[in-house]
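What follows is each chain in one-letter form.
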Amino acid sequence: ARGRGSTPGAWQRCSASTAKSLLFRFLPVLRWLPRYPVKDWLLGDITSGFSVGIMHLPQGLAYALLAGLPPVTGLYSSFYPVFLYFFFGTSRHNSVGPFAVISVMIGSVTESLLPSEKFFISVNGSNTTIVDEVKRDAERVQLVATITILSGVFQVALGLLQFGFVVTYLSDPLVRGYTTAASVHVLISQLKNVFGVSVGEYSGPLSLFKTFIEICRKLPQTNVGTLVTAIIAMVAIFIVKELNHKFASKLPMPIPIELITIIISTGISYGVDLKSKFGISVVGDIPSGLKPPVVPKTTYFGQVVGNAFAIAIVGYAICISLGKIFALKHGYKVDSNQELIALGLSNFLGGFFQCFAISCSMSRSLVQESTGGNSQVAGVLSSLVILVTILKIGELFRDLPKAILAAIIIVNLKGMFKQFTDFRTLWKSNRVDLMIWIVTFVATLLLNLDIGLGASVAFALLTVIFRTQLPHYSLLGRVADTEVYKDVAEYQKAQEIPGVKIFRSSSTLYFANVEMYAEALKKKVGEATEAECNGPGVAVIELSGEESSAPAEPTLRSLGLPQPDFHAVILDFSSLNFVDTVSIKIVKNIFRDFREIEVDVFVASSSVLAQLERGNFFSSTITKQCFFPSVHDAVLHISGEQHTAPVRTCPSSPHHRHGEGQPSRPLPSSPSPQAHLSTKM
């Protein structure tokens, strides 16, 4: 609503400014393109765009095969989403498009819901049956379009709700373990194209092992021509890629060995007629031209909603991880929420044009960066290379052997297989992260990609709970001539303050660990919680009616009980970011228990002060005067208190230790034999 003093002109200017900022936020291209340094960046972007475009061509065809779709859908997925990302993305170096892990996740869904067995037809009325590939592919395209659109909806919704942080639940060890396991799925799925054997399509838990066992059983049926073709292609691609890596600084652009391989192999296949003479399977017809948009089948929504969400999260996690790496290297920022929206819109709109879900490719992104790419102008130029292929060149690749595409896929897995070296790194640095990596890897192999991801996230969250339940407890000491306090068990220069125990937990306090916190505190400061006093000295003293004044309440010394060799405890709450009702009750009990043995309790850090106040933590015996901004402030207060008159700032019982020369220590109003805690110092 307009304010009373506002004018229509001011309100309109405000609205226009808001609309402009929103437009620039959701269309980042409007912000950077007008300031594009043509002289400095254009040549590098042209070189980079052409280099990435000729990588998109073979990878698009190969990853479509991996997703169980016609090859042309890989070309569509290398054009539409890449072109759309130019307008909405904030990363200058990410190369979006088909990605092996996402493709194999899609492939597991297509093989599960629409296996080839559903499309058997008889040949001329005989008992011989073949797969109706045209009908199967048409159904699978509709299914995958539904998954892709749903994935886009999830990503856009999360981005608009500012849920970019959701990827934080996929830790780096989890993502690396998952992608390594996914690469094994990719490898096994392509062995049938390497050996030229046909196998059944399995889904669900243990499907990977069922596929591998069947391939092993059918090894005697190997098509030698297919195997030789695949081996030659893999060796050639691998060697040239290694040379590209070794001489990267001397080459103006990487040798496009994948494109060269598919051109040469297609020419040989067409000239020699490998399909009819040697039974080598080829990709078949690749229609030219663009297809009109189609509406997805809504009947699939309920069946694929879980898979779509998993694909959305994994695709975004990979994309934002790469984006942040390049942004850090080149000194710019990537907006995590806008990246979600960009990826989501690319998937959502691409799904209507027979695209499958996309993410970012490490290999293409590295090429885009290393060949001089500075912006997404390189990305849009690479999409134009694919557009030309779709319109004019694509149909020429109908004789391309599938073994060549399998070889391209397998060689490109090298980077993900290198992640097995995480074992050694994580063993040395963090065993819990190593456990997350191993559990994620094994769960994804055994349970398949969708269930495995859910199980991995659940396990990673459990490790967080266990870590908060088993934090590191320490007694702190002061480093001489500083205001720094460190664990006395780990730092030799840290010395305890005489008569003061400073206790710290590495975790926050909540219902699951607060009782262990209290026990660790008593253990660290040396209390024996099971001690009891059974002598008659603690009984209530009978008084004659003539006495008009009550005697002083007993002290530990008058009761003959051992006295602690410290007079104050400081609880360092600097690691706390929240407290619940259970932890508030236990902390109140800690104050009470130490008051009963004549020890004052102080708290360092006021980060949860408001939550404690709302939880009715404070009373006549526990006030805010017991709280200090830091450990050093609390120590200074206690040290100053010892050298002044016993004027209390933290309310306590009016009774004092006698003959101690120290400030008064509170006692319980009704002393109980079992309330006093002995020490073992």
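In this text, all values refer to a predicted model and were calculated from it rather than measured experimentally.

1. A closer look at the pairing of strand 5 (residues 473–479)
- The buried fraction of strand 5 amounts to six of the seven residues, a majority that puts the element mostly inside the structure.
- Hairpin remark: strand 5 followed by strand 6 (residues 485–487), antiparallel, with five residues in the connecting loop; positive phi at Asp481, about 65°.

2. Here's the deal with the side chain of Thr90
- Inspection of the secondary structure puts Thr90 in the loop between helix 4 (71–88) and strand 1 (96–97).
- Among the polar contacts made by the side chain of Thr90, one reaches the main-chain amide nitrogen of Asp335 at a distance of 3.3 Å.
- Once you skip the residues sitting within four places of it in the chain, Thr90 turns out to touch Pro28, Tyr85, Tyr332, Lys333, Val334, Asp335, Gln338 and Glu339.

3. Side note on the pattern of salt bridges
- Scanning all chains against the criterion turns up 14 salt bridges.
- With a shortest N-O distance of 2.7 Å, Asp422 and Arg176 are connected by a salt bridge. Here Arg176 lies in helix 7 (residues 172–195) and Asp422 lies in helix 18 (residues 422–429), a separation of 246 residues in the sequence.
- By relative accessible area, Arg176 is classed as partly exposed at 27%.
- Of the charged contacts in the structure, one is a salt bridge between Arg592 and Asp593, with a shortest N-O distance of 3.0 Å.
- A residue is classified by how much of its surface remains accessible, and Arg592, at 37% relative accessible area, is partly exposed.
- Among the residues examined, Asp593 registers a relative accessible area of 12% and is labelled buried.

4. A short note on the packing of aromatic side chains
- Applying the stated rule across the entire model yields 25 aromatic pairs.
- Plain terms: the ring middles of Phe348 and Phe352 are 5.3 Å apart, the flat faces sit at 85° to each other, and that makes the pair edge-to-face.
- On the accessibility criterion, Phe352 (23% relative accessible area) is partly exposed.
- For the ring pair Trp437 and Phe441, a centre distance of 5.4 Å and an interplane angle of 20° mean the geometry is stacked. With a gap of four residues between them, Trp437 and Phe441 both fall in helix 19 (residues 431–469), about one helical turn apart. Across the pair, exposure class does not vary: Trp437 and Phe441 are buried alike.
- Through a chain of ring-to-ring contacts, the aromatic side chains of Trp32, Tyr36, Trp41, Phe79, Tyr80, Phe83, Phe86, Phe87 and Phe353 assemble into a single cluster.
- The aromatic ring of Trp427 is capped on one face by Arg431, whose charged end is 3.6 Å from the ring centroid.

What counts as what
- Residues numbered from 1 in each chain as written.
- Predicted model: local features only at pLDDT ≥ 70, side-chain atom pairs only at ≥ 80, totals over all residues.
- Heavy atoms only, no water.
- Buried < 20%, exposed > 50% of the residue type's maximum accessible area, 1.4 Å probe, protein only.
- Helix = DSSP H or I, 4+ residues; strand = E, 2+ residues; numbered from the N terminus.
- Pairing = 2+ DSSP bridges.
- Polar contact = N/O pair within 3.5 Å; in protein donor to acceptor, adjacent residues only side chain to side chain.
- Contact = heavy atoms within 4.5 Å.
- Salt bridge = Lys/Arg side-chain N within 4 Å of Asp/Glu carboxyl O.
- Phe/Tyr/Trp six-rings, centres within 6.5 Å; stacked < 30°, edge-to-face > 60°.
- Lys NZ or Arg CZ within 6 Å of the ring centre and 35° of its normal.

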